[in-house]
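Tertiary structure, described
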Amino acid sequence: MRGRVTAAFGRHYEIDTGKGLLQGYPRGKKSVFACGDEVEILPQGEGQGAIVELHPRRSLLWRSDAFREKLIAANLSHIAIVVATEPGFSDLLLSRCIAAAESQGITPLIILNKSDLSAGLPLARERLAPFVALGYQLIELSALEGAEKLRPWLENRHSILVGQSGMGKSTLTNALIPGAKAATREISTALDTGKHTTTFARLYPLGEDGWMIDSPGLQAFGLAHLGEEELAEAFVEFRPFLGQCRFRDCRHEAEPGCAILASVASGEINVRRFEHYRSIKAEIAEARRLNPGW
Ligand SMILES: Nc1nc2c(ncn2[C@@H]2O[C@H](COP(=O)(O)OP(=O)(O)OP(=O)(O)O)[C@@H](O)[C@H]2O)c(=O)[nH]1
Ligand SMILES: [Zn+2]
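It should be emphasised that the depicted structure is a prediction, and the values quoted were computed from it without experimental measurement. (Residues numbered from 1 in each chain as written. Chains lettered and ligands numbered in written order. Predicted model: local features only at pLDDT ≥ 70, side-chain atom pairs only at ≥ 80, totals over all residues.)

**A closer look at the domain arrangement of the protein chain**
Under the convention used in this document: Where a domain begins and ends is set by an automatic assignment or by a domain database. Each residue gets a C-beta atom placed from its backbone, and two residues are in contact if those atoms lie within 7 Å. Secondary structure follows DSSP: runs of H or I at least 4 residues long count as helices, runs of E at least 2 residues long count as strands, and numbering of each begins at the N terminus. Under this grouping Gly is polar, as are all residues other than the nonpolar Ala, Val, Leu, Ile, Met, Phe, Trp, Tyr, Cys and Pro and the charged Asp, Glu, Lys and Arg.
Domain annotation for the protein chain reports domain 1 (2-54), domain 2 (60-214) and domain 3 (228-290). On a C-alpha basis, the centres of domain 1 and domain 2 stand 24 Å from each other. On the domain 2 side, the residues contacting the 10 residues of domain 1 number 15 residues. At 3 residues, strand β1 (residues 2-8) tops the list of elements feeding residues into the side of domain 1 that touches domain 2. Its residues placed into classes, the side of domain 1 that touches domain 2 shows 6 nonpolar, 2 polar and 2 charged.

**What about the nonpolar core?**
Which entries qualify depends on this criterion: Residues enter a nonpolar core if they are buried, belong to Ala, Val, Leu, Ile, Met, Phe, Trp, Tyr or Cys, and are joined to the set through C-beta atoms within 7 Å. The exposure scheme places C-beta atoms from the backbone and then counts, for each residue, the other C-beta atoms within 10 Å of its own, assigning buried at 20 or more, exposed at 12 or fewer, and partly exposed in between.
Within the largest apolar cluster, 68 residues are counted, with the highest numbers of intra-cluster contacts made by A73, I79, I81, V83 and I160. If we skip the residues at most four places from it in the chain, V83 touches F89, L94, I110, L112, N113, A124, G163 and M167.

**Quick look at the environment of I284**
With respect to the element layout, I284 can be found in helix α9 (residues 271-290). C-alpha of I284 to C-alpha of L176: the two residues are 108 residues apart in sequence and 37 Å apart in space. Look past the residues within four positions of I284 in its chain and what remains in contact with it is L223, A224, L226, E228 and L231.

**Quick look at α9**
Counted only if it meets this: Residue count minus one, scaled by 1.5 Å, sets the expected span of a helix. As used here, the arc is the angular range of directions from the helix axis to the C-beta atoms.
With 20 residues, α9 should reach 28 Å at 1.5 Å per residue; the first-to-last C-alpha distance of 29 Å fits that figure. Within α9 the residues assigned to the buried category are R273, H276, Y277, I280 and I284. Mapping the buried residues of α9 onto a view down its axis gives an arc of 100°, with all of them on the same face. Across from the buried face of α9, at angles greater than 90 degrees, the exposed residues are V271, R278, A282 and R289.

**Some remarks on the site of ligand 1**
How we decide: Defining nearness, a residue is near a molecule or strand when the C-beta atom obtained from its backbone falls within 6 Å of it.
In the region of ligand 1, 19 residues are neighbours, and S165, G168, S170, T171 and G217 sit closest. The element best represented in the shell around ligand 1 is helix α5 (residues 169-176), accounting for 3 residues. In the shell around ligand 1, the residues fall into 5 nonpolar, 11 polar and 3 charged.

Below, the structure is given as structure tokens:
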């Protein structure tokens, strides 16, 4: 029987088979699945089943540091990165999420939430301007007043909402998905976390053929799994200049004839985005120094 992973709880998974939910247990010892994965499951009575096969993934969103990796979601077409007018958000984290998405062919959308708190709008827009200039879609809304504005962007697609804690992901999910609140409460009770913030990712059907995932607040988004060249490719504005540097193995640090540095100097590449690239690159190098196994 085919099913989709709708929640991952470490040792077991919740699987939607289209005819109801099963608790799935991986058969292999070290198999790890993510929300959104399509699996083959062998029903074993009492609402349980053994996961016997993973169908090929269209994409995989994951994060990693020197020693750990964490799968976030599989088979995504879109990633909706939620920021807000307040509290302040990290634009570096935004660049990280976008790089993770670009490296997997996932389309980023930027949601600027809490537009009703209008005092923070000008600054938020200013910080998002470099991303808008790259062609990334920016959707301004208030989850409290008009979450419906987001529905057409997510319906019949395979999306995840990510963002720092407090940006309003759960408020958006609850507005778009009737019953999401109840489902979250049920699982929190079952897991006995006793918390009201989102502590695990959960997939909800959205539209005829789509789904969306609400995920826990992100603080870090390590990209230790990306190679240096992959990282540069994941910054879309670098792409026209890659391969144009004087030295084929240019690391875009201080080399003469570096096309990337020249583009930063001429303003074709935004300085802030180049800083983001540099800090992620340094972190990847550090992770690989700590763990040469990468
Ligand atoms: N004024 C205003 N407040 C909002 C809006 N959306 C969310 N909030 C508030 O912001 C706070 C955080 O919202 P949540 O939906 O819990 O944020 P979250 O991103 O899911 O946070 P985590 O679950 O910790 O990841 C809550 O007090 C919401 O009521 C909005 O559009 N306008
Ligand atoms: Zn270069």
